[in-house]
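Coordinate analysis (summary)
Each chain, letter by letter, is given below.
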Amino acid sequence: MKKFNRDVMDILESMVIALVAVMIIFTLVCRIYIVDGPSMNSTLANGDRLLVSQLFYTPKQGDIVCFVAENHQQKVLVKRVIAVAGQTVDITPDYKVTVNGEVLDEPYIDPMRDNCMDSSHDDRCTHPVSATFPYTVKEGEVFVLGDNRDNSTDSRQLGAIEEKYLLGKMLLRIWPKMGVVK
């Protein structure tokens, strides 16, 4: 009976240590966020679970980030960083995004839709919405856009996002398909 009690105590002790370790990791190193809505289609889908980390993170162009939109009901949004401090974003007359005068190569946008001038509802087209362009990103900010440009609340409406509101960079999708997303 003593051996049984000792085995049970060893198992409980191991479970408590594992639980504390998981809590520390999810508090200090990374968190899980859920994509809510179609704004990152076709890169990410509604309901995808993302592993996100802010540890030692400095925003870079092309990163997929989660942030709290202060002026959007404190909701966590998932978008792609298009420009960082000092870069100038513009949208050309044919609805292409440029950064510092160069058209972005955006392979993550649905390749089946590539004629912006023929359709006002084209995911490859980036309509200016309410932002004024060109826009130079200030120190401590990032300019973000959703990959599904026709159905995304992003920096075109919210303005540049202050880095203090970034929750981190997406490391990988963990559900329903696990893997790194570009």
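How each quantity is defined
- Residues numbered from 1 in each chain as written.
- Predicted model: local features only at pLDDT ≥ 70, side-chain atom pairs only at ≥ 80, totals over all residues.
- Heavy atoms only, no water.
- Helix = DSSP H or I, 4+ residues; strand = E, 2+ residues; numbered from the N terminus.
- Core = buried A, V, L, I, M, F, W, Y, C linked by side-chain atoms within 4.5 Å.
- Buried < 20%, exposed > 50% of the residue type's maximum accessible area, 1.4 Å probe, protein only.
- Pairing = 2+ DSSP bridges.
- Contact = heavy atoms within 4.5 Å.
- Polar contact = N/O pair within 3.5 Å; in protein donor to acceptor, adjacent residues only side chain to side chain.
- Phe/Tyr/Trp six-rings, centres within 6.5 Å; stacked < 30°, edge-to-face > 60°.
- Lys NZ or Arg CZ within 6 Å of the ring centre and 35° of its normal.
- Salt bridge = Lys/Arg side-chain N within 4 Å of Asp/Glu carboxyl O.

Note that the residue after phenylalanine 133, namely proline 134, is joined by a cis bond; omega there is 0°. Along the polypeptide, proline 134 turns up in the loop between strand 7 (102-103) and strand 8 (135-136). Omega for the peptide link from tryptophan 175 to proline 176 comes to 0°, which places this bond in the cis form. Residue placement: proline 176 occurs in the segment after strand 11 (166-175). Phi angles above zero are rare outside glycine, and phenylalanine 56 is one such case at about 55°.

Residues Ile82, Val89 and Phe143 are the most contacted members of the largest nonpolar core, which totals 15 residues. Of all the secondary structure elements, the ones that give two or more residues to this core are strand 4 (75-84), strand 5 (88-91), strand 6 (97-99) and strand 9 (141-145).

Spatial strand order, 1-2-11-3-4-9-10: seven strands in an open sheet with antiparallel pairing. Each edge of the sheet is formed by a strand with only one pairing partner; in this case those strands are strand 1 (30-34) and strand 10 (161-162). Direction of pairing for strand 3 (residues 64-69) relative to strand 11: antiparallel, over a ladder of three bridges. Looking at the pairing, valine 65 lines up with lysine 169 of strand 11.

What follows is about the environment of glutamine 87. Its place among the elements puts glutamine 87 in the loop between strand 4 and strand 5. Note on glutamine 87: relative accessible area 15%, which makes it buried. Taking C-alpha positions, glutamine 87 is 6.5 Å from valine 99, a pair spaced twelve residues apart along the chain. Those residues in contact with glutamine 87, other than ones at most four positions away along the chain, are Gln61, Ile82, Val99, Asn100, Tyr135, Thr136 and Val137. A polar contact is formed between the side chain of glutamine 87 and the backbone nitrogen of valine 84, at a distance of 2.8 Å.

Here the focus is the packing of aromatic side chains. Applying the stated criterion across every chain, the model contains two aromatic pairs. For the pair phenylalanine 133 and phenylalanine 143, a centre-to-centre distance of 5.9 Å together with 75° between the ring planes defines the contact as edge-to-face. Taken together, the residues phenylalanine 133 in the loop between strand 7 and strand 8 and phenylalanine 143 in strand 9 connect sequence positions ten residues apart. Phenylalanine 143 matches phenylalanine 133 in its accessibility class, with the two residues each being buried. With a centroid separation of 6.2 Å and 35° between ring planes, the pair formed by tyrosine 135 and phenylalanine 143 is classed as tilted. For phenylalanine 143, a relative accessible area of 2% translates into the label buried. Every member of this aromatic cluster is reached through a ring pair, and the members are Phe133, Tyr135 and Phe143. Taking NZ or CZ as reference, arginine 80 lies 3.6 Å from the ring centre of tyrosine 108, over its face.

Quick look at the pattern of salt bridges now. All chains considered together, the criterion is met by seven salt bridges. Across the pair lysine 169 and aspartate 63 runs a salt bridge, and its minimum N-O distance is 3.7 Å. Here the residue lysine 169 occupies a position in strand 11, and aspartate 63 occupies one in the loop between strand 2 (49-53) and strand 3, the gap between them amounting to 106 residues. Note on aspartate 63: relative accessible area 8%, which makes it buried. The residue lysine 164 makes a salt bridge to glutamate 162 at a minimum N-O spacing of 3.7 Å. Of the residues examined, lysine 164 reaches a relative accessible area of 61% and is grouped as exposed.

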